[in-house]
Amino acid sequence: MLDIKFIRENLNAIRENCANRNARVDLGRFLALEEERRLKITALEEIRRLQNETAEKMRGKQGQPEREMLISLGKELKLRAQEAEESARSAETALAELARQIPNMTHPESPVCLDESGNKEIRRWGEPAKFDFKALDHVVLGERLSLIDFDSGAKVAGQKFYYLKNEAVLLEQALILYALHSLRKEGFSPIMTPDLAREQILSGIGFNPRGAETQIYSVANTDLCLIATAEITLGGMLADTILEESQLPARYVGVSHCFRTEAGAAGRESKGLYRVHQFTKVEMFAFTTPETSEAMHEEFVRHEEKLFQGLGIPYRVVDICTGDMGGPAYRKYDLEAWMPGRGENGDYGEVTSTSNCTDYQARRLGIRFRPATESSAGQREGSKKLRFVHMINGTAIAISRALIAVLENYQQKDGSVLVPKALLPYMGGVERISR
RNA sequence: GGAGAGGUGCCAGAGCGGUCGAUCGGGGCGGUCUCGAAAACCGUUGUCCUUCGAAAGGAGGACCGUGGGUUCGAAUCCCACCCUCUCCGCCA
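Where helix α7 (residues 167–184) meets helix α10 (residues 293–311), the closest approach of the two axes is 11 Å, and the angle between their N-to-C directions is 130 degrees. Taken together, the axis directions place α7 and α10 in an arrangement best described as oblique. The chirality of how α7 crosses α10 is right-handed. Residues Leu 175, Tyr 178, Ala 179, Ser 182 and Leu 183 of α7 touch α10, and the partners they reach there are His 303, Lys 306, Leu 307, Gly 310 and Leu 311.

Take a look at the structure:
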């Protein structure tokens, strides 16, 4: 969420931003609640002050007549405090509820548009291969080559679950290792994260674990949810932590399974592996100072591009517009890879997504850093106040979608699929998949 | 899952229900000494919220794992939960 004071002081900008982002928030009500909350806090603190004062006077007044008086005064104050507390808390809760509906501010260069039609392609890499045969989609390829089994998935777990088999299993592991090895060289620490997380963490990252439209599976009789992305567990990893500025930037590359209910996604383009309830994903995550988050975000999109260039898969980079961004993001880029079997004659499909969430998540998760003090010449002032870190997330490789791109782009006329060169070191000698 | 111990500030570790935001030590920061450093000595050292102030800062409130409770008053007593450690059980 945004800083409450910031909201109060930048109402017009917030109002415009909400409109651009298609977020309907009653800012008038927000202001009223905010004032109510402050008044109530002030009132409560005054009562607390009196309580403290009364308790202080009690010291060493054994059996004095004054004692009785103070006790009854204390009792009365206690009742008043309880009421004031309840009232302050309800205002606080209502305000927080409203505050979390206000999206992050937006990068000035992000395209402004209410729906995805405003997404802007900013560059393209690679030429979609021209096949001298009719390109198959990954569903057919997966079936013919015994790589993907949707029927068994449906039988055992339901629609949109699947089994990977044979070389597809090797491909998943190879893609994971390829991403891990590449990013480790770029200064990322590899992490295997839990696949479950507490609701509180989900909500700090900006997911809503409850409600009819939630994307999140939750585990009965616990406060745990299946994570939709390792962004949740990587971001949550440092919740309530104070870092030293010297520890920043911190780059992590996490591997996890991802679970999504895909509620309300019926009818959308969702053939095969494109939209499934469970998949494996390698995710980049970074904690930075506010001054360096934009550069890190650009770095992330370059890493994503490098990974797909390495795989030899054509893609385009899309600058996501205001209406298509999601609450916590300040700016967001997607990579869309060429998928020859998508649509009539092939099409680009989203394979990665990277967002700079600035301090929007850090504020709720309590992730701060202590600025380095400039002791040397000049300003030793350097306000040593704690500041919120900026948090950047980005897909390295979402296995299911990368698998679509690999199978469809590397298919051969004879029905086999070649293994991309970059994956060969991890494929145990398999260079071509055929039956 | 069962039994026991414990969760206190940057770290370590005290804390009869009132004088505890919290002893002592270490570390960090500032200073004295020194050509410089070490040692020694002196001083200093949290976060969040409200409010006043241009600012420096002042005033008030909250925070001793989390949430409740008892009490005029709780780090200290009670309950629940979370987490850590040791032992047992179970397992990968």
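A few words now on the packing of α7 against helix α12 (residues 399–409). Axis separation between α7 and α12 bottoms out at 10 Å; the angle between their running directions is 110 degrees. Between α7 and α12, the crossing angle belongs to the class labelled roughly perpendicular. Mapping the contact onto sequence places Leu 171, Glu 172, Leu 175 and Ile 176 in α7 and Ile 399, Ala 402, Leu 403 and Leu 407 in α12. Residues of the contact of α7 with α12, tallied by class, amount to seven nonpolar, no polar and one charged.

Below, the discussion takes up the side chain of His 303. Positionally, His 303 belongs in helix α10. In contact with His 303, not counting residues within four places along its chain, are Leu 183, Glu 186, Phe 188 and Met 284.

Before going further, it helps to examine the domain arrangement of chain A. You can read the domains of chain A as domain 1 (4–99) and domain 2 (116–433). Between the C-alpha centres of domain 1 and domain 2 the distance comes to 42 Å.

Right, let's get into the protein's contact with RNA strand B. Lining the immediate environment of RNA strand B, one finds 20 residues, of which Glu 45, Arg 59, Lys 75, Lys 78 and Arg 89 sit closest. Here, RNA strand B places atoms within 4 Å of the protein, and 80% of those atoms are sugar or phosphate. Between RNA strand B and Ala 55, the relevant distance is 3.3 Å, taken from a base nitrogen to a main-chain nitrogen or oxygen of the residue. For RNA strand B, a sugar or linking oxygen lies 3.4 Å from a polar atom in the backbone of Ile 71. Elements represented by at least two residues in the surface near RNA strand B include exactly α3 (27–58) and α4 (65–99). Among the elements that take part in the surface near RNA strand B, α3 stands out by supplying nine residues, more than any other.

Cis rather than trans, the peptide bond between Leu 248 and Pro 249 has omega equal to -5 degrees. If you trace the backbone, Pro 249 turns up in the loop between β7 (241–244) and β8 (250–259). Backbone geometry places Lys 160, a non-glycine residue, at a positive phi of 70 degrees. Its identity is not glycine, yet Thr 358 carries a phi of approximately 40 degrees, on the positive side. Its place among the elements puts Thr 358 in the loop between β12 (347–356) and α11 (360–365). Of the residues examined, Thr 358 reaches a relative accessible area of 8% and is grouped as buried.

Our focus in this paragraph is the packing of aromatic side chains. One pass over the full model with this rule turns up seven aromatic pairs. On the basis of an interplanar angle of 40 degrees and a centroid distance of 4.9 Å, the ring pair of Phe 131 and Phe 133 is categorised as tilted. Measuring from ring centre to ring centre gives 5.1 Å for Trp 338 and Tyr 348, while their planes differ by 70 degrees; the resulting arrangement is edge-to-face. With Trp 338 in strand β11 (residues 331–339) and Tyr 348 in strand β12, the pair connects residues that are ten residues apart, well separated along the chain. Note on accessibility: Trp 338 and Tyr 348 belong to one class, buried. Members of the aromatic cluster, each reached through a chain of ring pairs, are Tyr 252, Phe 285 and Phe 287.

With that settled, consider the pairing of strand β15 (residues 390–398). Across the nine residues of β15, nine count as buried, placing the element largely inside the fold. As paired elements, β12 and β15 share three bridges and run antiparallel to each other. Counterpart to Ser 355 in the pairing with β15 is Asn 393.

What counts as what
Residues numbered from 1 in each chain as written. Chains lettered and ligands numbered in written order. Predicted model: local features only at pLDDT ≥ 70, side-chain atom pairs only at ≥ 80, totals over all residues. Heavy atoms only, no water. Axes fitted to C-alpha atoms, helices over the stretch in contact; angles between N-to-C directions. Helix = DSSP H or I, 4+ residues; strand = E, 2+ residues; numbered from the N terminus. Parallel < 35°, antiparallel > 145°, perpendicular 65-115°, else oblique. Left-handed = near helix turned anticlockwise from the far one by under 90°. Contact = heavy atoms within 4.5 Å. Nonpolar A, V, L, I, M, F, W, Y, C, P; charged D, E, K, R; others polar. Domains from an automatic or database assignment. Near = heavy atom within 4 Å. Polar contact = N/O pair within 3.5 Å; in protein donor to acceptor, adjacent residues only side chain to side chain. Buried < 20%, exposed > 50% of the residue type's maximum accessible area, 1.4 Å probe, protein only. Phe/Tyr/Trp six-rings, centres within 6.5 Å; stacked < 30°, edge-to-face > 60°. Pairing = 2+ DSSP bridges.

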